[in-house]
Amino acid sequence: LMGARLAGSHADTQEPNTNPLVSISDEPETLYKRLSLLVKGHDKAVLDSYEYFAVLAAKELGISVEKVHKPPKTIERLTLLKSVHIYKKHRVQYEMRTHYICLELKYLTGSTAAVYLEYVQRNLPEGVAMEVKKTKIEKIPEHIQEPVWDTLPPVEEAEVKS
Amino acid sequence: HVPPRAERMTVDQDWTSVYPTAAAFKPASVPLPIRMGYPVKRGVPPPKEGNLELIKIPNFLHLTPPAIKKHCAALKDFCTEWPNALDSDEKCEQHFPIEIETVDYVSSGTSIRNPQARVVTLRVKLSNLNLDEHAKKKLIKLVGERYCKDTDMLTITTDRCPLRRQNYDYGIHLLTVLYHESWKTEMWESEKTEEDMEEYIWENSCSQKNALDTLLRIKASENVSNVTKEELLASEVVKNYRNSVIALKNEGETENNVSQYKESVKKLLNIQAL
């Protein structure tokens, strides 16, 4: 975690890179408009501690946290027969409670998102699951700026590209 | 027997070296008097020595605030800054109109793969694409349910390829195909009837014909000199009537629209008595 090597990151352009692990690449950064982390677990106390950790990590890394909200828990219940054979009137009931915490982060670059997600996912406690919804923003690709037959040189039988 | 390490710990020690990584709870290494568990009758929860409950639950002793700050200070070199020029949603929309949503799933189990991770959703506002009137209408017809009129958003969700990159490429390919197809005009498009129109156009409709007919007959019965159709069309009353009919058909029947229609009909047929 501490020595993780990540390509495509920038450091101060004024001073030379003092960190030998940081490498800068030429490709443009991907931009994430919003990163939505949904953390699911069975124990509310564990999720609360994890939320504190994730929010503090985001603040330290300079990521703006839009909001942290807790969707209501879902309880899945099963009713099974208590005995192996007959005794239909005696059942046993189990339930599985899933608590959720949703963290919404705004305006991350590709490298920052990779760093934050790796840090936060390596420290996911046992028995807790996470879903990350990333919203990437992009420019319109060049081939959709104008229809292709406008850009082709004027030919008599213009091949219409589909 | 040697006393536990916890009794020899100082208050200002470096906790990050005691618990550098995630580890089970060791009662001899944690100098806190924690009790956990269900209390016996008229008693207190059991102490930390030999307490299975404390070992079972995941602990965050390796992620205390100073430890988090140390980690983040080391990780800060690898982060890049968000460009300052894009500080609001509208600017993002203006410079980067396409939004691509992907979902990653992290869970513990026998397999780390999740088949839902290959779904890719593409969202574009049609006002940002280079389309003219006919192309926009044709695109909306082609796309059907995937277009939302209120927000002017086209949403394409692709799921048919096994990998996420393939689904993304397929989504872009669909967008390209839709764009080019909507710019083409097929021969059979000239047979578009009134039922196919998206919005009501008053010119060349039965409403216009009826109104002009009625007005011509009124003028003929009053023996006024022959007024031409163009003059009738350009007159105020007919324009009012046209606007109210268009509003009724396009926006539905609201109080305002119906009362406007009533006023315009009264003016058209000159019956102010009602």
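Residues numbered from 1 in each chain as written. Chains lettered and ligands numbered in written order. Predicted model: local features only at pLDDT ≥ 70, side-chain atom pairs only at ≥ 80, totals over all residues. Heavy atoms only, no water.

## Let's talk about the nonpolar core
- Membership of the largest hydrophobic core comes to 37 residues, with the highest contact counts inside it found for L37, L105 and Y116 of chain A.
- Elements that contribute at least two residues to this core include exactly β1 (31–41), α1 (44–60), β4 (91–109), α2 (110–122) and β5 (129–138) of chain A together with α3 (65–75) of chain B.
- For L105 of chain A, the residues in contact, after removing those within four places along its chain, are K33, R34, L35, L37, A58, I63, S64, V65, E66 and Y116 of chain A.
- With 21 residues, the next largest nonpolar core counts I144 of chain A together with I98, L129 and L175 of chain B among its residues. (Core = buried A, V, L, I, M, F, W, Y, C linked by side-chain atoms within 4.5 Å. Buried < 20%, exposed > 50% of the residue type's maximum accessible area, 1.4 Å probe, protein only. Helix = DSSP H or I, 4+ residues; strand = E, 2+ residues; numbered from the N terminus. Contact = heavy atoms within 4.5 Å.)

## Quick notes on the interface of chain A and chain B
- With 61 residues of chain A in contact, the opposing surface of chain B contributes 52 residues.
- Taken over both partners, the interface formed by chain A and chain B buries close to 5300 Å², and the fraction arising from carbon and sulfur atoms is 67%.
- Of all residues in chain A, Y107, E138 and I144 of chain A give up the largest surface area on contact with chain B, accounting jointly for 13% of the area buried on that side.
- Across the contact surface, chain A and chain B share three salt bridges.
- Taking the shortest distance from any N to any O, the salt bridge between K33 of chain A and E99 of chain B comes out at 2.7 Å.
- Our count for the contact surface shared by chain A and chain B stands at 12 residue pairs in polar contact (both at pLDDT 80 or more).
- For the side of chain A that touches chain B, the secondary structure elements donating two or more residues are β1, α1, β4, α2, β5 and α3 (148–151) of chain A.
- Ranked by the residues each element gives to the side of chain A that touches chain B, the list is headed by β5 of chain A, at 10 residues. (Buried area = accessible area lost by both parts, 1.4 Å probe. Salt bridge = Lys/Arg side-chain N within 4 Å of Asp/Glu carboxyl O. Polar contact = N/O pair within 3.5 Å; in protein donor to acceptor, adjacent residues only side chain to side chain.)

## Things to note about helix α6 (residues 164–183) of chain B
- Over its 20 residues, α6 of chain B runs 29 Å from end to end, which matches the ideal 28 Å to within 8%, given 1.5 Å per residue.
- All buried positions along α6 of chain B are accounted for by N167, Y168, G171, I172, L175, T176, L178, Y179, H180 and S182 of chain B. (Expected span 1.5 Å × (residues − 1).)

## Side note on the UniProt feature "domain: Small ribosomal subunit protein mS35 mitochondrial conserved" (unreviewed entry) in chain B
- Feature annotation in UniProt places "domain: Small ribosomal subunit protein mS35 mitochondrial conserved" (unreviewed entry) on residues 111–184 of chain B, given in this structure's numbering.
- Taken end to end, residues 111–184 of chain B is 42% helix and 19% strand, and its first and last C-alpha atoms sit 48 Å apart. (UniProt positions renumbered as here; feature names shortened; annotations may be inferred.)

## Thoughts on the environment of Q93 of chain A
Residues and elements named next belong to chain A.
- Residue placement: Q93 occurs in strand β4.
- A C-alpha to C-alpha distance of 60 Å links Q93 and Q145, two positions 52 residues apart in sequence.
- Aside from chain neighbours lying at most four places away, what touches Q93 is L78 and T79.
- At 3.5 Å, the side chain of Q93 forms a polar contact with the side chain of T79.

## Considerations on a nonpolar patch on the surface
All names here are of chain A.
- A surface patch of nonpolar side chains, about 280 Å² in accessible area, is lined by L78, L80 and Y94.
- Tracing the sequence through the fold places Y94 in strand β4.
- On the basis of relative accessible area, Y94 is assigned to the partly exposed category, the value being 48%. (Patch = residues over 30% accessible without salt bridge, like charges linked within 9 Å, V, L, I, M, F, W, Y side chains within 5 Å. Areas by Shrake-Rupley, 256 points an atom, 1.4 Å probe, with all protein chains shown as cover.)

## So, the packing of α1 of chain A against α3 of chain B
- Interaxial distance between α1 of chain A and α3 of chain B falls to 9 Å at its minimum, and their mutual angle equals 40°. Classified by the interaxial angle, the pair formed by α1 of chain A and α3 of chain B is oblique. The chirality of how α1 of chain A crosses α3 of chain B is right-handed. Residue-level contacts link Y52, F53, L56, A57 and E60 of chain A of α1 of chain A to P65, I68, K69 and C72 of chain B of α3 of chain B.
- Taken together, the residues that form the contact of α1 of chain A with α3 of chain B break down as seven nonpolar, no polar and two charged. (Axes fitted to C-alpha atoms, helices over the stretch in contact; angles between N-to-C directions. Parallel < 35°, antiparallel > 145°, perpendicular 65-115°, else oblique. Left-handed = near helix turned anticlockwise from the far one by under 90°. Nonpolar A, V, L, I, M, F, W, Y, C, P; charged D, E, K, R; others polar.)

## Remarks on the domain arrangement of chain B
- As assigned here, chain B comprises domain 1 (1–78), domain 2 (89–186) and domain 3 (197–269).
- Each of domain 2 of chain B and domain 3 of chain B has a C-alpha centre, and the two are 43 Å apart. (Domains from an automatic or database assignment.)

## Points about the pattern of salt bridges
- In this structure the tally under the stated criterion is 18 salt bridges over all chains.
- The closest approach of N and O atoms between R122 of chain A and E118 of chain A, which form a salt bridge, is 3.0 Å. Remark: E118 of chain A and R122 of chain A occur in helix α2; sequence separation between them is four residues, near one turn of the helix.
- Sharing partners across several salt bridges, the network here consists of K33 of chain A together with E99, E101 and R123 of chain B.

## Structural notes on the confidence of the model for chain A
Residue and element names in this part refer to chain A.
- In the predicted model, chain A carries a mean pLDDT of 80, and 81% of its residues have values of at least 70.
- Mean pLDDT across the secondary structure elements of chain A bottoms out at α3, with 69, and peaks at strand β3 (residues 74–81), with 95.
- Confidence drops under a pLDDT of 50 for residues 1–12, and excluding neighbours within four residues, the segment shows 33 contacts in the predicted structure. (pLDDT = per-residue confidence, 0-100.)

## Some thoughts on the UniProt feature "domain: Small ribosomal subunit protein uS10" (unreviewed entry) in chain A
- What UniProt calls "domain: Small ribosomal subunit protein uS10" (unreviewed entry) maps, in this numbering, to residues 36–133 of chain A.
- Here residues 36–133 of chain A is 31% helix and 45% strand, with 5 Å between the C-alpha atoms at its ends.

## What about helix α9 (residues 236–251) of chain B?
Residue and element names in this part refer to chain B.
- For α9, with 16 residues, the first-to-last C-alpha span of 22 Å sits near the 22 Å given by 1.5 Å per residue.
- Considered for burial, the residues of α9 that qualify are V238, Y241, S244, V245, I246, A247 and L248.
- Once α9 finishes, G252 follows within two positions and takes phi at roughly 90°, a positive value.

## Comments concerning the environment of T254 of chain B
- Take T254 of chain B: it is sitting in the loop between α9 and α10 (255–269).
- T254 of chain B sits 111 residues away from V143 of chain B along the chain, and the two C-alpha atoms are 30 Å apart.

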